[in-house]
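Per-entry structural report
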Amino acid sequence: MTELGPALWPPAPLKTERLVLRESEARDRAAFIELFASPEVGTYVGGARPRDELDRAMPEVPGRRPGLFVVDLDGAMIGMVTLDRRAPERPGHVRPEGREAELGYMFLPQVWGRGYAAEACAAALDWHADALPGEPVVLSTQTANERAMRLAAKLGFTEVDRFEEYGAEQWFGAWSAAKRRT
């Protein structure tokens, strides 16, 4: 199985109608802190982290790693989209060995409801389908997260399983390039 390593990462910035998905830069540090300190963002991902702790721990260029796209609107970070390998020991897989690419995303609350997450995630999925043809992508979210459930359906994820994890019921779905928009 191919990893998102030096041969594939970093890609050239991905451009959509309104957004640019790019590698992290030092100017994104304040937005990363805002994202992880936000109580709204933290609702379904383990809660907000203390701002002072984040300020101490956050590197000068946060999030610079294979699989992490900064979502940029008009020159400013508004969120991030990730494609990481799902750990084999976690519940929910579509391959016996696990380690599927798993889509994740977080956006600043002030931009919610404008379609940016759908636009950015679709671009990341299209990039993944081109970079790693035939490889499935999975997504897991709490069933209580209605916004995430609607976005998963809009992006073309199909339910595979439900299970208990992190003290809540999780919805687990899969996406393949065969479901790509035309």
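For the structure itself, look to the data block above.
Parameters and conventions
- Residues numbered from 1 in each chain as written.
- Predicted model: local features only at pLDDT ≥ 70, side-chain atom pairs only at ≥ 80, totals over all residues.
- Heavy atoms only, no water.
- Helix = DSSP H or I, 4+ residues; strand = E, 2+ residues; numbered from the N terminus.
- Rg over C-alpha atoms; globule rule 2.2 N^0.38 Å.
- Buried < 20%, exposed > 50% of the residue type's maximum accessible area, 1.4 Å probe, protein only.
- Salt bridge = Lys/Arg side-chain N within 4 Å of Asp/Glu carboxyl O.
- Contact = heavy atoms within 4.5 Å.
- 1 Å grid on protein atoms, 1.4 Å probe; cavity = no way out; pocket = protein on both sides within 12 Å on 5 of 7 lines; lining within 4 Å.
- Points joined across faces, edges and corners; volume = space filled by probe spheres on them.
- Nonpolar A, V, L, I, M, F, W, Y, C, P; charged D, E, K, R; others polar.
- Pairing = 2+ DSSP bridges.
- Axes fitted to C-alpha atoms, helices over the stretch in contact; angles between N-to-C directions.
- Parallel < 35°, antiparallel > 145°, perpendicular 65-115°, else oblique.
- Left-handed = near helix turned anticlockwise from the far one by under 90°.

**Topic: the overall build of the protein**
- Within the protein one finds five helices and eight strands.
- In sequence order, the secondary structure elements of the protein are arranged as β-β-α-α-α-β-β-β-α-β-α-β-β.
- The globule rule puts the C-alpha radius of gyration for 182 residues at 16 Å, and the 16 Å found for the protein is close to it.
- Taken along the three principal axes of its C-alpha coordinates, the protein extends 40 × 40 × 30 Å.
- Counting all 182 residues of the protein, 47% fall into the buried class.

**Let's talk about the pattern of salt bridges**
- Tallied over the entire structure, the rule returns 19 salt bridges.
- Taking the shortest distance from any N to any O, the salt bridge between Glu165 and Arg86 comes out at 4.0 Å. With a gap of 79 residues between them, Glu165 in strand β7 (residues 158-165) and Arg86 in the loop between β4 (76-85) and β5 (101-107) connect regions that are remote in the sequence.
- Since its relative accessible area comes to 0%, Arg86 is described here as buried.
- Two residues, Glu169 and Arg162, come together in a salt bridge whose shortest N-O distance is 3.9 Å.
- For Glu169, a relative accessible area of 37% corresponds to the partly exposed category.
- Arg162 gets classed as partly exposed once you look at its relative accessible area, which sits at 38%.
- Through salt bridges with shared partners, one network takes in Arg22, Glu25, Arg27, Asp28 and Asp72.

**Overview of the environment of Gly67**
- Checked against the element boundaries, Gly67 lands in the loop between α3 (51-57) and β3 (68-73).
- With a relative accessible area of 0%, Gly67 lands in the buried category.
- The spacing of Gly67 and Glu23 is 44 residues in sequence and 9.2 Å in space, taken between C-alpha atoms.

**Digging into helix α1 (residues 29-37)**
- Along α1, the positions that sit buried rather than exposed are Ala31, Phe32, Ile33, Leu35 and Ala37.
- In this structure, the buried residues of α1 make contact with α2 (39-42), α3, β3, β4 and β5.

**Looking at the layout of surface pockets**
- Each pocket or cavity is described by its volume, and for the largest pocket that value is around 1400 Å³.
- The wall of the largest pocket is formed by 45 residues, among which Val45, Tyr105, Met106, Asn145 and Ala148 lie closest to the centre.
- In terms of residue class, the lining of the largest pocket is made up of 19 nonpolar, 14 polar and 12 charged.

**Re the sheet that holds β7**
- Read from one edge of the open sheet, eight strands run β1-β2-β3-β4-β5-β6-β8-β7, paired in mixed fashion. In this open sheet, the two edge strands, each paired with only one partner strand, are β1 (14-15) and β7.
- Bridging between β7 and strand β8 (residues 168-175) involves seven bridges; their strand directions are antiparallel. Paired with Thr158 across the two strands is Ala174, which belongs to β8.
- Its contacts with the sheet put helix α5 (residues 146-155) on β5, β6 (137-142), β7 and β8, and the angle it makes with β6 is roughly 160°.

**Observations concerning the packing of helix α4 (residues 116-131) against α5**
- Direction vectors running N to C along α4 and α5 enclose 45°, while the axes themselves pass 10 Å from each other. One finds that α4 runs oblique with respect to α5. With respect to the hand of their crossing, α4 and α5 are arranged in right-handed fashion. Of α5, the residues touching α4 (which contributes Ala117, Ala118, Cys121, Ala122 and Leu125) are Leu151, Lys154 and Leu155.

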